[in-house]
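Chain by chain, the residues:
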Amino acid sequence: MKQSKMWVWLLVLSLGALLFLNGAVRDFAREAVYPFDNACAWFDRTVGVRARALRVRAGLAARNATLERDVARLRVVAAEAESLEAEVCRLRALLDFPPPASCRWLAAPVLARGGTTAVWQSLRLGKGSLHGVRKGDPVLVPEGLVGRVTDVSRHTSEVMLITDPNSRVACELEVAGEGVGVVRGILFGGGARPASEPGLTLLYVVDPLRLRFLAREFEPAPRTRVATSGLGQTFPKGITVGYVLESRLEPNGLAREAVVMPAVDMASLHEVFILSARRAHAD
Amino acid sequence: MRIDLNLPSLAVTVVTAAAAQGQWPVTDWLPAKIPFLTAVGLYYALTKPWPVAVTALVWAGALTDALGGLPLFCTLSYLLAVYWAVRVMQRVFLDATLSRGMLLVAGAAAGQTLWMRLWAGSYEPLLAWQTLAALGASAQAGLLAGFVVFALCGRMDRLSGMIRPVKENDGILWAETDC
């Protein structure tokens, strides 16, 4: 009888917490599974990586030779890049272009993908408010833009990927040629497939992104690079987002819409960088 | 004073299930998350007295919503509706055997996918191929989750003495023989 009473009280307390402490319950839930998530990530980093290394050991010698050739080639490329970097620095100084000194990189491990439901395209990262992460911080990898932080607890943060149907990013096309000017648009995350593509399709296949509201007269070439324009105030200018596959006029005929393939393979992310703004009180 | 082992058992089971569900990747061959939390909730619904069962369902639903980016009462309301249906069915035929548990979780998981899509404002019509494929995948994932949870939790409960392995007899269910 006493135990039954205890359970009824526990139930009432649980429901009360859900009703009145909505945000705290979410934080508590993430913090409760954090040790497990962290242990899985650690296991993957230490044991999983070694197990995979053992599996591919047979092909390592041939791979080593290939890599040595690549290293030699990349040394040449790096030397060229150094000279280009110097040139860029000089030109930036001429233009009085402010460097992103107000930001810092924060490397974070990917703990889980898609939450517990996989309804949204999201990631959970192993860095939180304790490390200086704030809502809205951009998340990147060297290949390009991944998404932005939408929720933060002490040790973890939730990232909405640019492939999520709710994602919007202000972008521009990297267009070569005279007299074209800047071509800007808004990048929409993947969503429902158009009705013109019937048939059985696998779930959770990332739909290509859509760059909408482009100037109707300009038809971008396939493989044109799409980068952030910085106009949305969330992402800095110039981060690669993806590449144009094709373009067409929007149904209303007022603007052009391009289909864009993300530059980053979201399914194979293990570590990402959070571009966190430097804050005096946090540092 | 006797310690109620249900509380630590429930806490550990629910948190472990949440972590496992979050970690399980969505793959081409099983394009859905394995609903361990739903399975845990339904296991408790079938085997424990109502205060314990409802607490388990509340925690399972809250964790699913909190870690899945859904409104906090989305899954919880669905699980409570399923619990009511389970109690009704329990009087007729349903017991906590492995096979029936698997079927129950498979059905509940498919319904849950549909429910979540409605809450999330899904664009696809209900009878589209994509929706049907999603329900099929969720049912498969539910079978797997039901097998794992009913096998492990059943064994754990019997080892800890929380449930006596008594076969249903004369209308006496496991839930009523809980000690």
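J.: Before we move on, could you go through the overall build of chain B and cite the residues and values that matter?
T.: Within chain B, the secondary structure is distributed over 7 helices and 0 strands. When the elements of chain B are put in sequence order from the N terminus, they spell out α-α-α-α-α-α-α. When the 179 residues of chain B are sorted by exposure, 53% land in the buried category. For chain B, long-range pairs separated by at least 24 residues make up 66% of all intrachain contacts whose partners lie at least 6 apart in sequence.

J.: So what about the packing of aromatic side chains? Which residues, and what values?
T.: The tally for this structure, following the rule as stated, stands at 6 aromatic pairs over all chains. Look at W24 of chain B and F36 of chain B: their rings are 6.4 Å apart centre to centre, the planes differ by 70°, and that puts the pair in the edge-to-face class. With W24 of chain B in the loop between α1 (6-23) and α2 (36-47) and F36 of chain B in helix α2, this pair connects stretches of sequence that are 12 residues apart. Clustering of aromatic rings is evident, with ring pairs tying together Y43, Y44 and F150 of chain B. Taking the ring centre of F188 of chain A as reference, the NZ or CZ of R212 of chain A above it sits at 5.0 Å.

J.: Go over the environment of S276 of chain A with me, naming the residues and quoting the values.
T.: Its place among the elements puts S276 of chain A in strand β12 (residues 271-277). By relative accessible area, S276 of chain A is classed as buried at 0%.

J.: Describe in detail the nonpolar core, supporting the description with residues and values.
T.: Soluble globular proteins: nonpolar side chains tend toward being buried together. By size, the foremost hydrophobic cluster in this structure holds 52 residues, and its most contacted members are L18 of chain A together with L37, L42, Y44, L63 and V149 of chain B. Per element, the largest residue contribution to this core is 11 residues, and it comes from helix α3 (residues 50-68) of chain B. With residues up to four places along the chain from it excluded, the contact list for L18 of chain A reads V25 of chain A together with V58, A62, L72, F73 and L76 of chain B. In terms of nonpolar packing, the next biggest core, distinct from the first, is built from 36 residues, V169, F235, V260 and M266 of chain A among them.

J.: Help me get a handle on the environment of A32 of chain B, residues and values and all.
T.: The residue A32 of chain B is located in the loop between α1 and α2 in this model. Once the C-alpha coordinates of A32 of chain B and A141 of chain B are considered, the two residues, 109 residues apart in sequence, prove to be 6.7 Å apart.

J.: Lay out the interface of chain B and chain A with the relevant residues and their values.
T.: Between chain B and chain A, the residue contacts involve 47 residues of the former and 41 residues of the latter. When chain B packs against chain A, close to 3800 Å² is buried across both sides, 70% of that on carbon and sulfur atoms. Among the residues of chain B in contact with chain A, Q23, L67 and L72 of chain B are the three that bury the most area, contributing 17% of the side total. Across the contact surface, chain B and chain A share 0 salt bridges. One can count 6 residue pairs in polar contact (both at pLDDT 80 or more) joining chain B with chain A. Within the residue set of the side of chain B that touches chain A, elements represented by two or more residues are α1, α3, α5 (98-119) and α6 (129-160) of chain B. Per-element accounting of the side of chain B that touches chain A gives the leading share, 14 residues, to α3 of chain B.

J.: Break down the side chain of Q21 of chain B for me, citing the residues and quoting the values.
T.: Inspection of the secondary structure assignment puts Q21 of chain B in helix α1. Residue class for Q21 of chain B comes out buried when judged on its relative accessible area of 3%. Residues in contact with Q21 of chain B, not counting those within four places in the same chain, are G115 and T116 of chain A together with K33, I34, P35, F36, L37 and T64 of chain B.

Rules of the game
- Residues numbered from 1 in each chain as written.
- Chains lettered and ligands numbered in written order.
- Predicted model: local features only at pLDDT ≥ 70, side-chain atom pairs only at ≥ 80, totals over all residues.
- Heavy atoms only, no water.
- Helix = DSSP H or I, 4+ residues; strand = E, 2+ residues; numbered from the N terminus.
- Buried < 20%, exposed > 50% of the residue type's maximum accessible area, 1.4 Å probe, protein only.
- Contact = heavy atoms within 4.5 Å.
- Phe/Tyr/Trp six-rings, centres within 6.5 Å; stacked < 30°, edge-to-face > 60°.
- Lys NZ or Arg CZ within 6 Å of the ring centre and 35° of its normal.
- Core = buried A, V, L, I, M, F, W, Y, C linked by side-chain atoms within 4.5 Å.
- Buried area = accessible area lost by both parts, 1.4 Å probe.
- Salt bridge = Lys/Arg side-chain N within 4 Å of Asp/Glu carboxyl O.
- Polar contact = N/O pair within 3.5 Å; in protein donor to acceptor, adjacent residues only side chain to side chain.

Purely spatial values, then, with no claim about function.
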